[in-house]
Amino acid sequence: MLACTGGCTGIGFGEVTYSGGQLEVMVDNPGEPEEATLQVTVFRTDNFTQTGVANFAEVVTFQRGSNTFTFPVDLEPGTYKLYLYISKGSARTVSVIRDITV
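A. Inspection of the pairing of strand 1 (residues 12–19) at higher detail. Of the pairings in the sheet, the one linking strand 1 to strand 2 (residues 22–29) comprises six bridges and is antiparallel in character. The residue of strand 2 that forms the bridge with Ser19 is Gln22. Connecting the antiparallel pair strand 1 and strand 2 is a turn made up of two residues, with Gly20 showing a positive phi of about 60°.

This is the structure in structure tokens:
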């Protein structure tokens, strides 16, 4: 049981950047290649409000080591909140919230 839990929680998000109409999400996988769903939801934040901008979800294979995933999205200058999830089946195994400024 412990080995399974260690493998499932070993995957984690790295740096998230935006440039040239592309959102780049880094995911680190210290274990063996693993298939899961990567979901990215983007909200613009302004004056204590959030407005949905984009939502991406795709089944990917996380290779061992550093993985980079790119999502095309046009973001106006401002601040954004990114909700990042990794799911296996119906269970979320990793979730983080990141703030970026464009």
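B. Region of the structure containing the nonpolar core. Grouped together as the largest cluster of nonpolar side chains are 24 residues, with contacts concentrated most on Leu23, Phe62 and Ile86. Not counting residues within four places of it along the chain, the set of residues in contact with Phe62 comprises Ile11, Val27, Asn29, Glu32, Pro33, Glu34, Ala36, Leu38, Asn67, Phe69 and Ile86.

C. Structural context of the packing of aromatic side chains. Counting across every chain of the model gives three aromatic pairs. Arranged with centres 5.5 Å apart and planes meeting at 85°, the rings of Phe43 and Tyr83 form a pair that is edge-to-face. Pair noted here: Phe43 is in strand 3 (residues 34–46) and Tyr83 is in strand 6 (residues 79–88), with a separation of 40 residues, a long-range link. The lysine or arginine in question, Arg92, covers the ring of Tyr85, its NZ or CZ lying 3.6 Å from the ring centre.

D. Quick peek at the sheet that holds strand 3. If you trace the four strands from one edge of the open sheet to the other, you get 4-3-6-7, paired in antiparallel fashion. Each edge of the open sheet carries a strand with a single partner, namely strand 4 (49–62) and strand 7 (91–101). With strand direction ignored, the average angle separating the axes of adjacent strands in the sheet is 15°. Where strand 3 and strand 4 come together, 13 bridges link them in antiparallel fashion. Bridge assignment links Arg44 to a residue of strand 4, and that residue is Thr51.

E. How the structure looks around the sheet that holds strand 2. Spatially, three strands are ordered 1-2-5 in an open sheet, and the strand pairing comes out antiparallel. This sheet does not close on itself; its edge strands, each paired only once, are strand 1 and strand 5 (65–72). Geometrically, the sheet is characterised by an average inter-axis angle of 20° between neighbouring strands, direction not taken into account.

F. Representation of the side chain of Ser87 within the structure. Within the element layout of this structure, Ser87 appears in strand 6. On the basis of relative accessibility, which here comes to 14%, the residue Ser87 falls in the buried class. Look past the residues within four positions of Ser87 in its chain and what remains in contact with it is Ala36, Thr37, Arg92 and Thr93.

G. Looking closely at the environment of Thr79. By the secondary structure assignment, Thr79 is in strand 6. Measuring from C-alpha to C-alpha, the distance between Thr79 and Gly20 comes to 16 Å, with 59 residues separating the pair along the chain. Engagement of the side chain of Thr79 in a polar contact is seen with the side chain of Thr45, the distance being 2.8 Å.

H. Up close: the pattern of salt bridges. Per the counting criterion, the structure on display carries three salt bridges. Of the charged contacts in the structure, one is a salt bridge between Glu34 and Lys88, with a shortest N-O distance of 3.1 Å. Here the residue Glu34 occupies a position in strand 3, and Lys88 occupies one in strand 6, the gap between them amounting to 54 residues. A relative accessible area of 32% places Lys88 in the partly exposed class.

Thresholds, definitions, all that
- Residues numbered from 1 in each chain as written.
- Predicted model: local features only at pLDDT ≥ 70, side-chain atom pairs only at ≥ 80, totals over all residues.
- Heavy atoms only, no water.
- Pairing = 2+ DSSP bridges.
- Helix = DSSP H or I, 4+ residues; strand = E, 2+ residues; numbered from the N terminus.
- Core = buried A, V, L, I, M, F, W, Y, C linked by side-chain atoms within 4.5 Å.
- Buried < 20%, exposed > 50% of the residue type's maximum accessible area, 1.4 Å probe, protein only.
- Contact = heavy atoms within 4.5 Å.
- Phe/Tyr/Trp six-rings, centres within 6.5 Å; stacked < 30°, edge-to-face > 60°.
- Lys NZ or Arg CZ within 6 Å of the ring centre and 35° of its normal.
- Axes fitted to C-alpha atoms, helices over the stretch in contact; angles between N-to-C directions.
- Polar contact = N/O pair within 3.5 Å; in protein donor to acceptor, adjacent residues only side chain to side chain.
- Salt bridge = Lys/Arg side-chain N within 4 Å of Asp/Glu carboxyl O.

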